[in-house]
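Fold and contact review
Spelled out, the chains give:
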Amino acid sequence: PQLVAAVGSRVLVYDAIEGDLLHSLKGHKKTLYCVAYAKDGKRFASGGEDKTIIIWTAKAEGILKYSHNDSIQCMSYNPVTQQLASGTARDFGLWSPEQKSVAKHKVPSRILCMSWTQDGTTLTLGMFDGKISLRDKGGAEKLQIKRDSPVWTLEWNPSRDESPCLLAVGCWDQTLSFYDNTGHQHGRDRTLGHDPCHVSHFSNGEYLCVGGSDKKATLWTKEGVRLSTIAEREDWVWSCAPRPNANYVAIGCNDGTISMYQLVFSTVR
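The rules behind each value
Residues numbered from 1 in each chain as written. Predicted model: local features only at pLDDT ≥ 70, side-chain atom pairs only at ≥ 80, totals over all residues. Heavy atoms only, no water. Helix = DSSP H or I, 4+ residues; strand = E, 2+ residues; numbered from the N terminus. Rg over C-alpha atoms; globule rule 2.2 N^0.38 Å. Buried < 20%, exposed > 50% of the residue type's maximum accessible area, 1.4 Å probe, protein only. Contact = heavy atoms within 4.5 Å. Areas by Shrake-Rupley, 256 points an atom, 1.4 Å probe, with all protein chains shown as cover. Lys, Arg positive; Asp, Glu negative; His and termini not counted. Charge placed at Lys NZ, Arg CZ, Asp CG, Glu CD. Pairing = 2+ DSSP bridges. Disulfide = S-S within 2.5 Å. Salt bridge = Lys/Arg side-chain N within 4 Å of Asp/Glu carboxyl O. Phe/Tyr/Trp six-rings, centres within 6.5 Å; stacked < 30°, edge-to-face > 60°. Polar contact = N/O pair within 3.5 Å; in protein donor to acceptor, adjacent residues only side chain to side chain. Core = buried A, V, L, I, M, F, W, Y, C linked by side-chain atoms within 4.5 Å.

Along the backbone of the protein there are zero helices and 26 strands. Computed over the C-alpha atoms, the radius of gyration of the protein is 17 Å, within 12% of the 18 Å expected from 2.2 N^0.38 for a compact globule of 269 residues. Considering only C-alpha atoms, the protein reaches an extent of 55 × 45 × 30 Å along its principal axes. For the protein, the proportion of its 269 residues judged to be buried stands at 49%. Here the analysis covers contacts within the protein between residues at least 6 apart in sequence; of these, 34% occur between residues at least 24 apart. Entry remark: accessible area of the protein is about 12800 Å², with carbon and sulfur atoms responsible for 45%. Side chains of the protein carry 31 positive and 29 negative charges; the gap between the two charge centres is 5 Å.

Structure representation (structure tokens):
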């Protein structure tokens, strides 16, 4: 398994078990803001301030490059079709391995985050103006959810056994909330007491990892009950990336550090 990180204008690829640096990839001219791995593990993408997206093979070979008119804020791979979505301040793009062109769609506000449903049918955008936009595979909007503050992070539960599948939303009114694909909110807002920067599902959707301005990564149930602190850092936690099928989580911090934590779940009788 590999861990991919954006550090300055370089894409760094690490061995996720030993922590050894495997590749330091050049290709971007300015600061990188995001990286994303395809579900099948065969490729990953990087994007940032230079308005360019590079798609790399798992062997760290650059195979494709395309651009937007604004810096790249976020990306997400469709788990079924391997279609890549990329978001900027004014539009989002959809690229697929079968197409040579990128379909772009304008949006009214900066896209801060995006996530596909586990069945690959719906792309969801979180925006600076507080809107959550649910789109079909072609990019057409199906419905909107309105929050009062920037939606900085969101992610659909990746488990195919969940019904309904719920979207975890971290909003900068310092809340964590949950919605289904009809836009209906499940339960009340969970007050965090800090700005959430990243939510990601852990252990095939059973748990959530939340990182934010409290300089911590915390573990929650998938329903939004806080369980414990995973890590306390020296600065804001901007990224929490659980390793698939293993109880490890990588933490990316505002001070430039990347650390890996192992979670041990004990049975209580």
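Once you've had a look at it, read on.
Ordered in space as β16-β17-β18-β19, the four strands form an open sheet in which the pairing is antiparallel. The outermost strands of the open sheet, each flanked by one partner alone, are β16 (151-156) and β19 (190-191).

What follows is about the state of the cysteines. For the structure on display, the rule yields zero disulfides. No disulfide involves C253; its nearest neighbouring cysteine sulfur is the one of C197, lying 9.9 Å away.

Here the focus is the pattern of salt bridges. Counted according to the given criterion, the structure contains seven salt bridges. The partner of D129 in a salt bridge is K131, and the shortest N-O contact between them spans 3.3 Å. By relative accessible area, K131 is classed as partly exposed at 21%.

All right, on to the packing of aromatic side chains then. Scanning the entire structure with this criterion turns up six aromatic pairs. Taking the centre distance of 4.1 Å and the plane angle of 10 degrees together, the rings of W152 and W172 count as stacked. Of the two residues, W152 is situated in strand β16 and W172 in the loop between β17 (167-171) and β18 (175-179); the sequence distance between them amounts to 20 residues. Note on W152: relative accessible area 22%, which makes it partly exposed. Among the residues examined, W172 registers a relative accessible area of 22% and is labelled partly exposed. Among the aromatic residues, those joined into a cluster by ring pairs are W152, W172, W236 and W238.

So, on to the side chain of S159. In this fold, S159 is placed in the loop between β16 and β17. A polar atom in the side chain of S159 sits 3.1 Å from the backbone nitrogen of D161. S159 has contacts with Q118 and N204, leaving out every residue within four places of it along the chain.

As a further point, take the nonpolar core. In this structure, C34, A36, A38, A45, I53, I55, Y66, I72, M75, Y77, L84 and W95 together form the largest nonpolar core, which totals 12 residues. Counting only elements with at least two residues in this core, the list comes to β4 (32-37), β6 (52-57) and β8 (74-77). Setting aside residues up to four positions removed in sequence, A38 forms contacts with R43, Y77 and Q82.

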